[in-house]
Structure formats: structure tokens, C-alpha cells
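The residues making up each chain are set out below.
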Amino acid sequence: GKGGNFAAMPYTDVPAFMSDLRDDSETTGRLALMFTILTAARSGEVRNAKWSHISFKTKLWSRPAALMKAREEHTVALSDQAIAILQRAALMRTKSDDCLIFPGKSGKALSDMTLTKILRDKKIDYTVHGFRSSFRDWAAELMPTIPAEVAETALAHEEKKKTTRAY
């Protein structure tokens with residue numbers, strides 16, 4: 001991938017990888033990784049997501065500005081697959097307050113390494129962040145009618161032209 005060289009899984013391989021993850025034993029880390037991939041979110045946004053950010057009724061995930069890299073609130077529509085992962089996470093929920101959706105064993109946010117370790121254990125040489133590039137490549141190649149700005153907005157990229165800044 002461009003802009004920081006995060007190794008990205010080719011998007012054509014993602015469905016098989018997801019089905020492989022689904023077949024493994026259910027852990028908060030695996031659910032968090034699948035949710036990260038399905039929403040093309042940054043892992044910190046997923047690891048710090050709380051139940052109050054989710055609306056099952058409208059199928060929206062509203063991330064407060066404090067969670068976002070650009071420090072602006074960002075709302076994304078959730079696919080049925082993403083909703084299904086949240087429903088599975090809800091079954092593992094132990095607290096009734098507005099807690100983290102994918103807590104670590106301590107109840108605090110999972111570490112970045114938790115998600116990376118899942119990839120390493122599967123001998124997969126891609127980064128968690130790289131799945132955002134997989135999403136971007138998929139949007140560009142399979143959804144050519146979607147304007148690039150829409151895909152960039154889905155990734156919560158700031159509107160400044162990233163490409164011009166990279167040079």
C-alpha cells in the first residue's frame with residue numbers, strides 16, 4: 001500500500017480469510033478484527049468503541065470526535081455482517097453499563113498487538129491497518145461508479161488531497 005507501506009491483503013483474498021476467522025474459536029480479539037475489516041476502520045476506533053456508539057435500529061456506528069484521527073465525529077452505516085459480529089459480541093458482554101464492545105481480559109481496551117497476533121498466528125504477513133487499503137482497492141476496482149471521494153470519506157480520510165501531500 002501507499003502512504004506508510006502497510007502490507008495489505010489483496011481484497012480478493014479477504015472473503016476466504018474472513019471465513020477462516022469465523023471458523024476459529026470465538027474470542028473478543030477475533031470479533032474485533034473481523035469488525036475492523038468489515039468496517040474498514042482504524043483498529044484504535046474499534047478497540048475503543050462503546051455500545052453507546054452503535055444504533056442497531058438505524059444500523060449506524062457514530063464514532064465521537066475524540067476517537068477519530070481527524071478529531072471529527074464520523075458515522076458509518078453497518079453491513080449485515082458487521083451487525084452480526086456486534087450481536088455475537090453482545091453475547092459475550094459481561095457489563096451492563098456503556099462499556100467497550102470488544103474489551104480485553106482486564107475490561108480495558110484490547111492492545112493493538114492482540115489483533116496483529118491473530119494475523120501472525122495464522123502466518124499472515126499483512127498488517128491490520130492494511131485492510132483499509134484492501135477496502136480502497138476493492139472500491140476502486142469493483143465499484144468504479146463510486147467516486148473516489150466517497151471511498152475516502154468511508155475511510156474517514158481528511159479531505160486534504162493525501163496524494164499531493166505525499167510528494
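For the structure given in this document, a descriptive report is provided here. (Residues numbered from 1 in each chain as written. Predicted model: local features only at pLDDT ≥ 70, side-chain atom pairs only at ≥ 80, totals over all residues. Heavy atoms only, no water.)

**What to know about unusual backbone geometry**
Positive phi, close to 55 degrees, is recorded for Lys59, a residue that is not glycine. With a phi angle near 55 degrees, Lys123 is a residue other than glycine that sits in the positive phi range. By the secondary structure assignment, Lys123 is in the loop between α5 (112–121) and α6 (130–142). (Helix = DSSP H or I, 4+ residues; strand = E, 2+ residues; numbered from the N terminus.)

**Focus on the sheet that holds strand β2 (residues 60–63)**
Read across the sheet, 3 strands follow the order β1-β2-β3 without closing on themselves; strand pairing throughout is antiparallel. In this open sheet, the two strands that pair with only one neighbour each are β1 (54–55) and β3 (74–77). Of the strand pairs in this sheet, β2 and β3 are connected by 4 bridges, and their pairing is antiparallel. In the sheet register, Leu60 faces β3, and the bridge partner there is Ala77. (Pairing = 2+ DSSP bridges.)

**Some words on the environment of Ser106**
Residue position: Ser106 is located in the loop between α4 (80–91) and α5. Here the side chain of Ser106 touches Lys108 through a polar contact of 3.1 Å, landing on its backbone nitrogen. (Polar contact = N/O pair within 3.5 Å; in protein donor to acceptor, adjacent residues only side chain to side chain.)

**Focus: the pairing of β2**
Of the two faces of β2, the one lined by Trp61 and Arg63 is fully buried and the one lined by Leu60 and Ser62 carries no buried residue. Alignment of β1 against β2, held across 2 bridges, turns out to be antiparallel. The residue bridging Ser55 from the neighbouring strand is Leu60, located in β2. Remark: 4 residues form the turn of the hairpin made by β1 and β2, two consecutive strands paired antiparallel; Lys59 in that turn has positive phi of roughly 55 degrees. (Buried < 20%, exposed > 50% of the residue type's maximum accessible area, 1.4 Å probe, protein only.)

**Regarding the pattern of salt bridges**
With the rule as written, the count across this model stands at 9 salt bridges. Note that Arg30 is salt-bridged to Asp24, the shortest N-O span being 3.4 Å. Between Glu26 and Arg88 there is a salt bridge, and its shortest N-O distance comes to 2.6 Å. Taken together, the residues span a long stretch of sequence, with Glu26 in the loop between α1 (14–23) and α2 (28–39) and Arg88 in helix α4 at a distance of 62 residues. Of the residues examined, Glu26 reaches a relative accessible area of 36% and is grouped as partly exposed. A cluster of three or more residues bridged by salt bridges with shared partners is formed by Asp20, Asp24, Arg30 and Lys122. (Salt bridge = Lys/Arg side-chain N within 4 Å of Asp/Glu carboxyl O.)

**Quick look at the environment of Phe56**
Mapping Phe56 onto the fold places it in the loop between β1 and β2. Judged by its relative accessible area of 37%, Phe56 is partly exposed. Put simply, Phe56 and Ile83 are 27 residues apart on the chain and 7.4 Å apart in space, counted from C-alpha to C-alpha. Look past the residues within four positions of Phe56 in its chain and what remains in contact with it is Trp51, Ile83, Leu86 and Gln87. (Contact = heavy atoms within 4.5 Å.)

**Considering the packing of aromatic side chains**
Enumeration according to the criterion identifies 5 aromatic pairs in this entry. Residues Phe35 and Phe102 carry aromatic rings whose centres are separated by 5.6 Å and whose planes lie at 45 degrees to one another, so their mutual orientation is tilted. Highlighted residues: Phe35 in helix α2 and Phe102 in the loop between α4 and α5, separated in sequence by 67 residues. The exposure class of Phe35 is buried, given its relative accessible area of 0%. Seen in terms of ring centroids, Trp51 and Phe56 are 6.3 Å apart; in terms of plane orientation they differ by 25 degrees. Their pairing is stacked. On the basis of relative accessible area, Trp51 is assigned to the buried category, the value being 9%. Every member of this aromatic cluster is reached through a ring pair, and the members are Phe35, Trp61 and Phe102. (Phe/Tyr/Trp six-rings, centres within 6.5 Å; stacked < 30°, edge-to-face > 60°.)

The values are spatial; any link to function lies outside them.
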